[in-house]
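# A structural walkthrough
Below, each chain spelled out in residue letters.
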Amino acid sequence: MPLLRTGQAGLPGTSANVGLMPLDSAPNAGLQDPLRFHRTTQPCAVVIFGANGDLTRRKLMPALYRLAFEGRLAPGFVVIGISRTRMSDDEFREHMRQSVAKYLEDSPFDEELWKSFAQGIFYLSGDVMSAAVYEALGEKLRAVEQSRHTGGNVLFYLSTQPSQYAPIAEGIGTAGLTKSDGWRRIVIEKPFGHDLVSARQLNDRLQKVFDESSIYRIDHYLGKETVQNILAFRFGNGIFEPLWNRRYIEHVQITAAESIGVEGRGAYYQEAGALRDMVQNHLLQVMATVAMEPSATFSADAVRDERAKLLRAIRIMTPEEVPANAVSGQYGPGRVGGEDVSGFRQEKGVDAESQTGTFAAATFFVENWRWAGVPFYIRTGKLLPKRVSEIAIHFRSAPLEVFRNDVGSNGGGAPNLLILRIQPEEGISLKFVSKRPGAGMTLRPVSMDFNYGASFGERSPSAYETLLLDAIAGDATLYTRQDMVEASWKAVQPILDYWSTQRFAFPNYEPGSWGPVAADEMLARRGHAWRRP
Amino acid sequence: MPAVRPDRILRELSELWTTTAKDDPSDGTGVLRACSMTLTVFVDDEEDSMALGETLAQLMREHPSRVVVVRLKGTQGELDARVFAQCWMPFGHNRQICCEQVEITASLNRLSDLPAIIAPLAAPDVPRVVWFRSPRLATAPDISGVLTLGDKLVVDSARAGAPAFADLRSLAVAGFIVGDLSWARITPLRELTARLLEGRDLTGIKHIVIEHCGTEPGAEAKYLQAWLRTEIPAALVEFEAVDDSGSGFIRGVRIDSDPDIRVSSSCAIYATGTLRQRTNLSEGRDHELLAEELSIMKHDPVYEQALRRMTIWTPHF
């Protein structure tokens, strides 16, 4: 078809060669196509300590398989699993095959692809506290470097008990496994210590073996698409940032509620509690993402510098301030959905007199010009009415209520609310008031919704896919840094210290409720109330 | 004056939203209207409505749009238009997502009337894309008017009646943003090839064979050849028919290098030296290919370079 007639002009304002380059000046960018190709990663081996554990089976291997399915991993990609259990390579592969087939989400399981992927899976059994396992690992790494061309690149993933982090890192160092022509990185899961002192001790031991730039502290919350979307929302749009300060924002609420109990993790949870398990890491990182200053670039360190600055700006509570600004709760026995539910103290492995909180709420303030005087309310808990994670930005009311004599009972003067939903229905809602159609000036609240899943129907990668790929690619933007870890421990340490001196009248909330009454009172003292998500 | 007036269509669209909201079967929170672009699709009237509807419905989940489907009939006939909404309720959600669709039926002799009807229908402030799927357009005397309806023009060179590569290049030279689903179809294969050649000395590669089915290479094979010739100028890139039946689609690629690389068996198994692996290469359904093109609303220098290579004869020494 003659699309353009001879002599016909092109688009207005375009020259004849727009978008085209002469053949002899083609860019020498290799075989790349940044508009269409995915980010490439170098060949490497991922060494998983704790390879027989739940995290490996449920999250890590399905994520790695999915990355292979999408062709995101380099040819020759290797996984070496290490744990105590005696197994052959083939037995380990079969265990992993079953796990991937079972726990893979939103994807088909392709047996043929698995067979190819499994060729790169190996297994070593041994005690991570013994030098022998590191010698064997060294041999295996040298072998796969030859056979699968991994280039000496290794990502050590510690999916073990936190108490083993430092000994494993030291074992790696002692065996000389940090030295190579390729890169060597280590990924550790939270908790990064159980308080400020232990966090520093852990870090000291890790940094004797690995440079800080090679230590990847994983916080899977930061890998969630919608948490990343907070940055896009704030800094990719021009209209919100001018409002993002104490002048327009009354307060901020961050909620991470779970509708289930400790589900067999009672022994672990008893040592951690809600404040350590969720607030010190995930929720303070989310708060930092919501409140940080814009970074000059989107480079890993520029973004992390701003997050760290925000965390350091959190006002440290005095012991006297803790009772009014932090609430601990523990669920008792009850009924949810017509079924009996055990209280936390009745869970397996939990002390019958346990003082561990399954609910924590706290009020934080950020001492900088942007946020001075704005409360950030954070709450998290087990066996709350629903599973939901969200950030609610409560804007100040209009300065003059011009409709106060006209409005109906359900909307006049209602403050604007911006909801950033992290899960389960990821998205953003803006609530504002609008005139109800018809005679009279009756206002009603309406919601303008952006639903992430509905507006972008493509499959979102899981947090572990994102974070594993980032670690392999050497992008630490979504990983936490030691200064961030220490700053967040400093923020919660006074609460932990104070609570350790108290004897709470637990249990103090019903399963299926929104936590103890004291959490409501904490907000009521400032004239606020928790939003019911 | 055209018998179909844009004002009337826009009014009907507005009424459609009111009706859809009233009929909403969800919990009364209303329907969510989403629009990220205006997509105008030219199809032949005989094209399977259900198949096209399925493609558009799939596409709308990722690129919610105002869709204008232009059904082209023979040379004689009147203009007609109707509006409707495509709605769906995402799993686990309680609110319908709806996109609006306008369907215009026109004969080829009314083609010149279409720009005046379609241009005002474009949703404001969002990109406009025109997707040519109609072989009938190939017989139209002049379609320059409809070209101006899009910020990006998308074709599929593998389909009957598709414009010649030279025509596509003319459009690109004239400043139009052009996309080709045949080019998008080989993205996974190009990406895999790029990955397999990563870190190698490309000047050492002297010979590449693109295996195809059918007696002649298809549009995808030609694009792949042009891309490889551009990126690896030292290599002789040849075609080889490996199966007489079929439409010329790529069956495999052999790259003589050290070690040799072979991508074969529907491009899903590849071998580098002794290392034999399998990867998932999407077959690329139309909505997926179109989604890839819609994500690039600017000039694509790699594609345009390949297009230029295809339309300039360059001897290989």
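About the cut-offs
Residues numbered from 1 in each chain as written. Chains lettered and ligands numbered in written order. Predicted model: local features only at pLDDT ≥ 70, side-chain atom pairs only at ≥ 80, totals over all residues. Heavy atoms only, no water. Helix = DSSP H or I, 4+ residues; strand = E, 2+ residues; numbered from the N terminus. Contact = heavy atoms within 4.5 Å. Areas by Shrake-Rupley, 256 points an atom, 1.4 Å probe, with all protein chains shown as cover. Rg over C-alpha atoms; globule rule 2.2 N^0.38 Å. Buried < 20%, exposed > 50% of the residue type's maximum accessible area, 1.4 Å probe, protein only. Lys, Arg positive; Asp, Glu negative; His and termini not counted. Charge placed at Lys NZ, Arg CZ, Asp CG, Glu CD. Axes fitted to C-alpha atoms, helices over the stretch in contact; angles between N-to-C directions. Parallel < 35°, antiparallel > 145°, perpendicular 65-115°, else oblique. Left-handed = near helix turned anticlockwise from the far one by under 90°. Salt bridge = Lys/Arg side-chain N within 4 Å of Asp/Glu carboxyl O. Right-handed = clockwise from strand over helix to strand, strands pointing away. Pairing = 2+ DSSP bridges. Core = buried A, V, L, I, M, F, W, Y, C linked by side-chain atoms within 4.5 Å. Nonpolar A, V, L, I, M, F, W, Y, C, P; charged D, E, K, R; others polar. Phe/Tyr/Trp six-rings, centres within 6.5 Å; stacked < 30°, edge-to-face > 60°. pLDDT = per-residue confidence, 0-100.

## Points about the overall build of chain B
Looking only at helices and strands, chain B features 10 helices and 14 strands. Partitioning the intrachain contacts of chain B with sequence separation of at least 6 by distance along the chain shows that 76% fall at a separation of at least 24. Split by element, the accessible area of chain B, about 13,100 Å² in all, is 50% carbon and sulfur.

## Concerning the overall build of chain A
Assigned secondary structure in chain A consists of 14 helices and 16 strands. Relative to a compact globule of 533 residues, whose C-alpha radius of gyration would be 24 Å, chain A shows 26 Å and is just as compact. Across its three principal axes, chain A shows a C-alpha extent of roughly 85 × 80 × 45 Å. Across the 533 residues that make up chain A, the buried fraction comes to 53%. For chain A, the exposed area adds up to about 23,000 Å²; of that, 51% sits on carbon and sulfur atoms. Considering chain A, the positive charge centre built from 59 side chains and the negative charge centre built from 60 side chains are found 4 Å apart.

## A short note on the packing of helix H1 (residues 54-69) of chain A against helix H12 (residues 463-473) of chain A
All names here are of chain A. Between H1 and H12, whose axes approach to 9 Å, the crossing angle comes to 65°. Taken together, the axis directions place H1 and H12 in an arrangement best described as roughly perpendicular. Handedness of the H1/H12 crossing: right-handed. Touching Leu55, Lys59, Leu60, Ala63, Leu64, Arg66 and Leu67 of H1 are Tyr464, Glu465, Leu468 and Leu469, all from H12.

## Describing H12 of chain A
Residues and elements named next belong to chain A. Burial runs high along H12: 10 of the 11 residues are buried. Buried within H12 we find Ala463, Tyr464, Glu465, Thr466, Leu467, Leu468, Leu469, Asp470, Ala471 and Ile472. In this fold, the buried residues of H12 make contact with strand E1 (45-49), H1, strand E4 (154-158), strand E5 (184-189), strand E6 (215-218) and helix H7 (225-235). The first or second residue beyond H12 is Gly474, which carries a positive phi of 80°.

## With respect to the pattern of salt bridges
Tallying each qualifying case throughout the model produces 53 salt bridges over all chains. Taking the shortest distance from any N to any O, the salt bridge between Arg370 of chain A and Glu293 of chain A comes out at 2.7 Å. Within this pair, whereas Arg370 of chain A is found in the loop between strand E11 (359-364) and strand E12 (376-381), its partner Glu293 of chain A is found in the loop between helix H8 (266-291) and helix H9 (300-312), the two being separated by 77 residues in sequence. The buried category is assigned to Arg370 of chain A, whose relative accessible area is 13%. With relative accessibility at 29%, the residue Glu293 of chain A sits in the partly exposed group. Ionic pairing is found between Lys152 of chain B and Glu293 of chain B, a salt bridge with its closest N-O pair at 2.8 Å. With a gap of 141 residues between them, Lys152 of chain B in strand E7 (residues 152-155) and Glu293 of chain B in helix H9 (residues 286-294) connect regions that are remote in the sequence. Taken individually, Lys152 of chain B and Glu293 of chain B each receive the classification buried, so the pair is uniform in this respect. Through salt bridges that share partners, Glu47, Arg133, Asp156, Arg159, Arg185, Glu220 and Asp286 of chain B make up one connected network.

## Describing the pairing of strand E2 (residues 37-44) of chain B
Residues and elements named next belong to chain B. Across the 8 residues of E2, 8 count as buried, placing the element largely inside the fold. For the handedness criterion, the β-α-β arrangement of E2, helix H2 (residues 49-62) and strand E3 (residues 65-73) is classed as right-handed. Here E2 runs beside strand E6 (residues 128-132); their pairing, made up of 5 bridges, is parallel. Within E6, the residue paired with Phe42 across the bridge is Phe132.

## Let's talk about unusual backbone geometry
All names here are of chain A. Across the junction of Lys190 and Pro191, the peptide omega takes the value 5°, indicating a cis bond. Here Phe506 and Pro507 are connected by a cis peptide whose omega angle stands at -5°. Positionally, Pro507 belongs in the loop between helix H13 (482-499) and helix H14 (517-524). We note that His149 has phi near 55°; this positive angle belongs to a residue other than glycine.

## Observations concerning the nonpolar core
Phe49, Phe117, Phe156 and Phe364 of chain A are the most contacted members of the largest nonpolar core, which has 152 residues in total. If one sorts the elements of this core by residue count, H8 of chain A sits on top with 12 residues. In contact with Phe117 of chain A, not counting residues within four places along its chain, are Met61, Leu64, Tyr65, Ala68, Leu73, Phe77 and Val79 of chain A. Membership of the second largest hydrophobic core comes to 70 residues, among which are Phe132, Ile186, Leu197 and Val263 of chain B.

## Quick look at the packing of H8 of chain A against H13 of chain A
All names here are of chain A. Closest axis-to-axis distance for the H8/H13 pair is 10 Å, and the angle between their directions is 140°. With respect to the hand of their crossing, H8 and H13 are arranged in right-handed fashion. For the pair formed by H8 and H13, the contact residues are Leu275, Arg276, Val279, Gln280, Leu284 and Gln285 on the first element and Met484, Val485, Ser488, Trp489, Ala491, Val492, Ile495, Leu496 and Trp499 on the second. Residues belonging to the contact of H8 with H13 are distributed by class as follows: 11 nonpolar, 3 polar and 1 charged.

## Focus: H9 of chain B
With 8 of its 9 residues buried, H9 of chain B lies for the most part within the structure. By the burial criterion, the buried members of H9 of chain B are Asp286, His287, Leu289, Leu290, Ala291, Glu292, Glu293 and Leu294 of chain B.

## Examining the sheet that holds strand E3 (residues 121-125) of chain A
All names here are of chain A. The 6 strands lie next to each other as E3-E2-E1-E4-E5-E6, forming an open sheet whose pairing is parallel. If you trace the sheet from one side to the other, it starts and ends with E3 and E6, each paired once. Direction aside, the axes of adjacent strands within the sheet are offset by 20° on average. Contacting E1, strand E2 (78-83), E3, E4 and E5, H1 runs over the sheet at an angle of about 170° to E1.

## Points about the packing of aromatic side chains
Residues and elements named next belong to chain A. Taken as a whole and judged by the stated rule, the model has 27 aromatic pairs over all chains. Each ring, one from Tyr65 and one from Phe69, has its centre 6.4 Å from the other, and the planes form 35°; the classification is tilted. Of the two residues, Tyr65 and Phe69 are both situated in helix H1; the distance of 4 residues between them amounts to about one turn of the helix. With respect to burial, Tyr65 and Phe69 carry one shared label: buried. Judged by centre distance (6.1 Å) and plane angle (45°), the rings of Tyr65 and Trp114 are tilted. Linking Tyr65 in helix H1 with Trp114 in helix H3 (residues 111-118), this pair joins segments that are 49 residues apart in sequence.

## Brief notes about the confidence of the model for chain A
Of the residues in chain A, 90% reach a pLDDT of 70 or more, and the chain-wide mean stands at 87. This model gives residues 4-29 of chain A a pLDDT under 50, and the stretch forms 42 contacts once residues within four places in sequence are excluded.

## Comments concerning the environment of Ser116 of chain A
Among the structural elements, Ser116 of chain A can be located in helix H3. Sequence separation of Ser116 of chain A and Ala68 of chain A is 48 residues, and the distance between their C-alpha atoms is 9.6 Å. Every residue in contact with Ser116 of chain A, bar those within four places of it in the chain, is listed here: Arg276, Gln277 and Arg278 of chain B.

## Remarks on the confidence of the model for chain B
Summing up the model confidence of chain B, the mean pLDDT is 83 and the portion of residues at 70 or higher is 85%. The ipTM assigned to the predicted complex is 0.83, against a pTM of 0.80.

## As for the pairing of strand E13 (residues 388-395) of chain A
All names here are of chain A. Across the 8 residues that make up E13, a large majority, 8, are buried. When strand E7 (residues 249-257) meets E13, the two strands line up antiparallel, connected through 8 bridges. From the neighbouring strand, Gln253 faces E13, where its bridge partner is Ala392. Bridge count for E13 against strand E14 (residues 417-423) is 6 bridges, and the pairing is antiparallel. For Glu390, the partnering residue across the bridge sits in E14 and is Arg421.

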